Each structure stands twice: as structure tokens, then as C-alpha cells.
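Listed below, chain by chain, are the residues.
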Amino acid sequence: MDTMTDDSSTAFEQALLTLDRAAAQALFARAASGPDPLRTAVRLVGDSLERIGAGWERGTVALSQVYMGGRICEDLVGRLLPPGDPRRTSQPRLGLAVLEDHHLLGSRILAATLRAAGYELTDYGHGIGAAELAQRALADGIEVLLVSTLMLASALRVRDLSALLRGGGSKIKLVVGGAPFIFDERLWREVGADAMGRCGTDAARIIEQIRGGAA
Amino acid sequence: MSAPMTSLQRVLTTLGHREPDRVPRFLLLTMHGARELGLSIREYFSDAKNVVAGQLRLRERYGNDCLYAIFYAAIEVEAMGGEVIFVEDGPANAGRPVIADPETIASLSWPDPTTSPVLRRVLEAIAGLKAAVGEEAPIVGVVMSPFSLPVMQLGFDRYLELIYERPDLFRALMAANEEFCVAYANAQLAAGATAIGYFDPVSSPTIVPRELYLKTGFEVARRTIARIKGPTATHLASGRALGIVEDLAATGTAAIGVSALEDLGELKAAARGKIALLGNLNGIEMRHWSAEEAEAKVREAIRLAGPGGGFILGDNHGEIPFQVPETTLEAIAAAIDRWGRYPLDPAV
């Protein structure tokens, strides 16, 4: 990354953290006016959101900034690359759900991050049980299923979901996130997940790793 | 040898930043009371008498220094007409938000806690606990802060949008919630609660940046706590506190529930003499602690935060998960007895 791009990226990140939509829009528009607009703009967004997520993990950024910044990015990328646009990334097939819980924030951050990274995804909503989620994900040919939970009891239900998916011989990769997994770093393996994200903004990186065969 | 302090004396001494006879323990157990009585969680919380019996048994079993009168966090939105979902192995959880359309906020009014059938159960439980223990042990009532309750009233995502994008509706919601919170806290104190746990996770720097907190949750807490007619302890429910320790003290609260995500030694340095600490054992990890691990964690917490008082040992979330086995709780209690006696063992 050259100095100019570095400066733009830092300024874009700052605009997201301070919710300065006008500045974010101007920087995004500038990135999207170069020779490879889609790639440059999506990279600007992806890099910034990942750094913001890393800041949240370190305790220097608040979750409200992660969420609101993600919404701005989802909106900016959505104008350049509307849902259904053939240039969006439809591989691997992504599914997203809040298992049993009704706390949507984590899944909203995930969805915003992934859409801002140019992915299409199927959102199974919230309050869904393991059996229904497994059945629908299998029927839809989902390849990576992202599951968000807030409550420990819901996080433990991932074990049922994993058993249902594996019992059917599925190769679906199961990625989990949410508070219980942050406070117990062994929990994601205990419940049979393939990977764990500490923040919704980790999702794009984890999916890249899965595509590359690392998870 | 002087007689051991009562739980209330022990807690008041440490809140005064002096060393009592031992580190007080607040094993904040709710659902375990159901297991003690052989009831489902739903059945247990359906009758105040169960909660009284459960809390007394839990105190007897673990030598707890408080009685914990919360039923479940969603009970206030249940009283407001919200949906509450019970599960077999966890706390009752808020379902669909009670405020479907934020535009209706200005015309909302919340129930009187003293006449709400749901909240009257809590008040009856507090009165029953008070009749049982008198002044021997503190009874901790709980309110969700006006600033954090909207996570359940609106949904977390829509609430954050409201804070940033609709200051008019935010102010109206805070005004209604503050009245409700003060009334519910004071009703619990009138029923016999000794102090109020003011649960305010949204104020944590984990959730909102300090600059925003100072304009929102801080002002709300300062106004609300000033009107609560008894001492309060603010709990950030696993959220970080280090960046706002002095701000929290300035709200008038006596203690902070602190997170396992932060260094207890650093928190102690920031809080010493200003505000007491409650924490910070990791309740989620606690599920699979051996007795040796439990002792090591307790010992470390006491070493870091025990000297000089101003410390109550507890979990980091304000509610120990149902999945934590009784043997682990017994090991934690035994470790506090072993390492928490003042003057502290230099080997701690």
C-alpha cells in the first residue's frame, strides 16, 4: 500500500469511528474513481473494518462504533455493488443466524461486514432453533454457516446444530461468535465449531481462510 | 480473638475502604436456587416464596455475604408488556422488543412497580428475605439502568441507532425510564433491600466510547442514582471499566462490577480509596474449573484487589451461569475462607 493509500485508509477509518458519513463517502468515492474501483473501494472498507474490529478486541474501540461504522460501509458498498449484482461474491454460499437468542447486534455487524466485503448471504434471522437451522442450511446448500449467540445456553446449543449437520454428512463449515466464546476460548471447539470470530469484522478474514483451506 | 463480623458489617467495612475480617463474597447465584429446590427455572421464579427459600439455602451452602433478589434481567420489560422466553438451562431472556415503533416513545408510560403483578413478586421476595435475615446480611435488589434497559425494550441495534440518530427520542426514552428505574429501586429499598445493583452494561467502554458515555449514560446515572434512596453498586455485566473508573465514582455509586477482560491489579490501582470493586471471576470459564483452578483464581484475585479492603469477590457478569457445578462453587467458597482472611497471608 502506498503512502497516499495509507493516509486515505487511516482517514476513512477515522471517519467511520467518528460517524462522519460525509467524509467517509468522499474518501470512498475517491477510492472508487481509480483504475480498479471495485477492488480498491472494497479493500478500503475491508481493511478499515478489520482494524476497527481489532481495536474493539483490544478495548480501544466501542461496539457502537463497530456497528455504526459497519452500517456506513454496507451502505457505501451497496450503492456501488447493489444486492444481487452479479459482481458480488456468491462463493462460498454463506448463511447467517442468531441461534435461539433474540439479540441481533452481532449478526447485524456480521451482515454489514460481509455485504461491505461484497458477499451475498442468506440470513436465517434470529430465535431459530438448531433443528430448523440445520434443515434449512442443508436444503439451501450453505457452505459456511455463521452463528451468533449472546447467552451461554444458546452457545451450548451449537453442539446440537453441529451434530445435526455432521450427522447428515454435511461438510458445512460452522463459524461461531458472541460473548460466551470470547470469555471461554475453548468453547467453540467444545461445541463442534470449525472457527470462532471474536468480532463480526473477523468474518471476512475467516471466510478467506476457509476458502484457502486453513480452517 | 474477636467475634467474626456479620455479613453486613463485613460488606460495609470493605465499602468504606477498610479491611474487614475477611474478603466478602458475593456469589451472585440466581438459577441455582431452582436446582436446590428441585424446580424448573420457570417454576422457581413464578413464586416469591421459592426465591426466598432458594436464596437462604444458597447462602447457607456457600457462606454468601449477600442475598440476591434479582429474578431475571428481563423482568422489567416483562412488566412493561414485553415477551420473556424461559429456557431449561439459562436465564429467562427478552424476546421481541416491547417498543415496536420508536416513534411511539414520546407517548409511552411504564407501570407502577408497586402494583405490577410481575414486579410485586420481587418485592415480596425481598420482604421475605428481610424477615429472615434482618440486619445480618445485605439484600441486594437490582434495576436495569435507564440507559441500558432499551437494549431489551428496542433491540440493541435499533437502540444504538436511536442514540446516534434520534436524540429527541433518546431523551424522551431516558425520561420515562429514569422515572421507572427510580420508582422500582426505591420500592425494593422500601421492601427491605439494603442496596441496589444498578446494571449498566451499555455505559461500558466495551459498548460506547467514553465521550458518548459522558453525554449519555453518565448523566443518566448521575441523575438516577441521586434519587435512589440507598447505596448502589454499578455493574457493567462483563464490560470493561478501566477507562471510566473515576467517572463511575462521580455518579455517586459505591462499587463497580468489573470484567475478567481487564487486569484486576490495574483496576485496583485506579479505584483505590474512590470506589470499591466487585469481581472478577470468569463465570463462563468457571464451568470447567477444577478445585485447584478455582483456588488459584480466587487467590490471584485476592492478591491483586484484596489489600486495603474496597473489594468484594464475585463473578464478572453479575450472575453465575446455571452450568457451573456446585462443587466448583464450594471450592471457590473454601478458597476465600483459606486466602481471604485479613490481615492477608503474605503468601497470597
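Colleague: Describe the overall build of chain B, naming the residues involved and giving the relevant values.
Modeller: Regarding its fold elements, chain B presents 15 helices and ten strands. The C-alpha radius of gyration computed for chain B amounts to 19 Å, which stays within 12% of the reference 20 Å derived for 348 residues, consistent with globular compactness. A burial count over chain B gives 57% of its 348 residues as buried. Looking at chain B alone, contacts between residues at least 24 apart form 72% of all its contacts between residues at least 6 apart.

Colleague: If you had to explain the interface of chain B and chain A to someone new, which residues and values would you point to?
Modeller: Across the contact, 25 residues belong to chain B and 21 residues belong to chain A. In terms of residue count, the dominant contributor to the side of chain B that touches chain A is helix α8 (residues 156–165) of chain B (four residues). Considering only residue class, the side of chain B that touches chain A consists of twelve nonpolar, eight polar and five charged.

Colleague: Describe the nonpolar core, and please don't skip the residues or the numbers.
Modeller: Formed by 198 residues in total, the largest nonpolar core has its most connected members in Ala69, Ile256 and Leu277 of chain B. With nine residues, the single largest contributor to this core is helix α9 (residues 167–191) of chain B.

Colleague: Give me the pairing of strand β10 (residues 311–315) of chain B: which residues, what numbers.
Modeller: All names here are of chain B. The element β10 is largely enclosed, with a buried count of five among its five residues. Inspection of the sheet shows strand β1 (residues 25–26) paired to β10 by two bridges, in the parallel sense. Directly across from Phe26, in β10, lies its bridge partner Gly314. Sheet topology places strand β9 (residues 276–281) next to β10; five bridges connect them, and they run parallel. For Leu281, the partnering residue across the bridge sits in β10 and is Asp315. Handedness of the β9-helix α14 (residues 291–305)-β10 crossover: right-handed.

Colleague: Describe in detail the domain arrangement of chain A, supporting the description with residues and values.
Modeller: Interface size is often expressed as the accessible area that is lost when the parts come together. Residue and element names in this part refer to chain A. Split by domain assignment, chain A resolves into domain 1 (3–80) and domain 2 (94–211). Of note, the centres of domain 1 and domain 2, computed from C-alpha atoms alone, are 25 Å apart. Taken together, the 17 residues of domain 1 in the interface contact 15 residues of domain 2. Counting residues per element, the ones that place at least two in the side of domain 1 that touches domain 2 are α3 (37–58) and α4 (63–80). With nine residues, the single largest contributor to the side of domain 1 that touches domain 2 is α3. When its residues are assigned to classes, the side of domain 1 that touches domain 2 shows nine nonpolar, four polar and four charged.

Colleague: Can you explain the environment of Gly129 of chain A? Please cite residues and give values.
Modeller: In this fold, Gly129 of chain A is placed in the loop between β2 (122–128) and α6 (130–139). Between the C-alpha atom of Gly129 of chain A and that of Leu76 of chain A, which follows or precedes it by 53 residues, the distance is 33 Å.

Colleague: Can you tell me about helix α11 (residues 217–227) of chain B, naming the residues and giving the values?
Modeller: Residues and elements named next belong to chain B. Residues of α11 that are buried: Gly217, Phe218, Val220, Ala221, Thr224 and Ile225. Down the axis, α11 shows its buried residues gathered within 155 degrees of arc, on one side only. Where α11 is buried, its residues touch α9, β6 (195–199), α10 (210–215), β7 (232–235) and α12 (245–250).

Colleague: Can you lay out the sheet that holds strand β3 (residues 144–148) of chain A for me, pointing to particular residues and giving the numbers?
Modeller: Residues and elements named next belong to chain A. An order of β2-β1-β3-β4-β5 is seen for the five strands of this open sheet, with the pairing classed as parallel. Across the chains shown, the open sheet's two edge strands, defined by having one partner strand only, are β2 and β5 (195–197). With strand direction ignored, the average angle separating the axes of adjacent strands in the sheet is 20 degrees. Summarising the sheet, β3 and strand β4 (residues 173–177) pair through five bridges and their orientation is parallel. Looking across to β4, one finds that Leu145 is bridged to Leu174.

Colleague: Talk me through the sheet that holds β10 of chain B; I want residue IDs and the actual numbers.
Modeller: Residues and elements named next belong to chain B. One open sheet holds the eight strands; their spatial order is β1-β10-β9-β8-β7-β6-β5-β2, and the pairing between them is parallel. The open sheet has two edge strands with one neighbour each: β1 and β2 (67–68). Sheet analysis places β2 next to strand β5 (residues 139–144), joined by two bridges and oriented parallel. When the sheet's bridge partners are listed, Leu67 is paired in β5 with Ile139.

Colleague: Give a detailed account of α3 of chain A, specifying residues and quantitative values.
Modeller: Residue and element names in this part refer to chain A. Compared with the 32 Å implied by 1.5 Å per residue over 22 residues, the 32 Å span of α3 between its first and last C-alpha is a close match. Inspection of α3 places Ala41, Val42, Leu44, Val45, Gly46, Ser48, Leu49, Ile52, Gly53 and Trp56 among the buried residues, and these make up the whole buried set. Residue Gly59 follows α3 closely and has a positive phi angle near 90 degrees.

Colleague: Account for the environment of Met196 of chain A, with residues named and values stated.
Modeller: All names here are of chain A. Turning to its location among the elements, Met196 is positioned in strand β5. Taking the C-beta count within 10 Å as the criterion, Met196 has 21 such neighbours and is therefore assigned buried. In this view, Met196 contacts Val176, Gly177, Phe181 and Trp188; residues no more than four positions away in its chain are not counted.

Colleague: Can you tell me about the pairing of β4 of chain A, naming the residues and giving the values?
Modeller: Residue and element names in this part refer to chain A. With five of five residues buried, β4 lies mostly within the body of the structure. Neither face of β4 is exposed, since Lys173, Val175 and Gly177 on one face and Leu174 and Val176 on the opposite face are all buried. Bridge analysis of β4 against β5 gives three bridges, and the strand direction is parallel. Opposite Val176, over in β5, you have Met196 as the bridge partner.

Colleague: Can you lay out unusual backbone geometry for me, pointing to particular residues and giving the numbers?
Modeller: In this chain, Gln91 of chain A is followed by Pro92 of chain A through a cis amide linkage whose omega measures -10 degrees. The step from Gly279 of chain B to Asn280 of chain B runs through a cis peptide bond, and the omega angle for that step is -20 degrees. Summarising the element assignment, Asn280 of chain B is placed in strand β9. Despite not being glycine, Leu19 of chain A has its phi angle at roughly 55 degrees, a positive value. Judged by C-beta crowding, with 17 C-beta atoms within 10 Å, Leu19 of chain A ranks as partly exposed. In this model, Glu100 of chain A sits at a positive phi of 65 degrees, which is unusual for a non-glycine residue. Assignment of secondary structure puts Glu100 of chain A in the loop between β1 (94–99) and α5 (105–116). Residue class for Glu100 of chain A comes out buried when judged on the 26 C-beta atoms lying within 10 Å of it.

About the cut-offs
- Residues numbered from 1 in each chain as written.
- Chains lettered and ligands numbered in written order.
- Predicted model: local features only at pLDDT ≥ 70, side-chain atom pairs only at ≥ 80, totals over all residues.
- Helix = DSSP H or I, 4+ residues; strand = E, 2+ residues; numbered from the N terminus.
- Rg over C-alpha atoms; globule rule 2.2 N^0.38 Å.
- Buried ≥ 20, exposed ≤ 12 C-beta atoms within 10 Å, placed from the backbone.
- Contact = placed C-beta atoms within 7 Å.
- Nonpolar A, V, L, I, M, F, W, Y, C, P; charged D, E, K, R; others polar.
- Core = buried A, V, L, I, M, F, W, Y, C linked by C-beta atoms within 7 Å.
- Pairing = 2+ DSSP bridges.
- Right-handed = clockwise from strand over helix to strand, strands pointing away.
- Domains from an automatic or database assignment.
- Arc of directions from axis to C-beta.
- Axes fitted to C-alpha atoms, helices over the stretch in contact; angles between N-to-C directions.
- Expected span 1.5 Å × (residues − 1).

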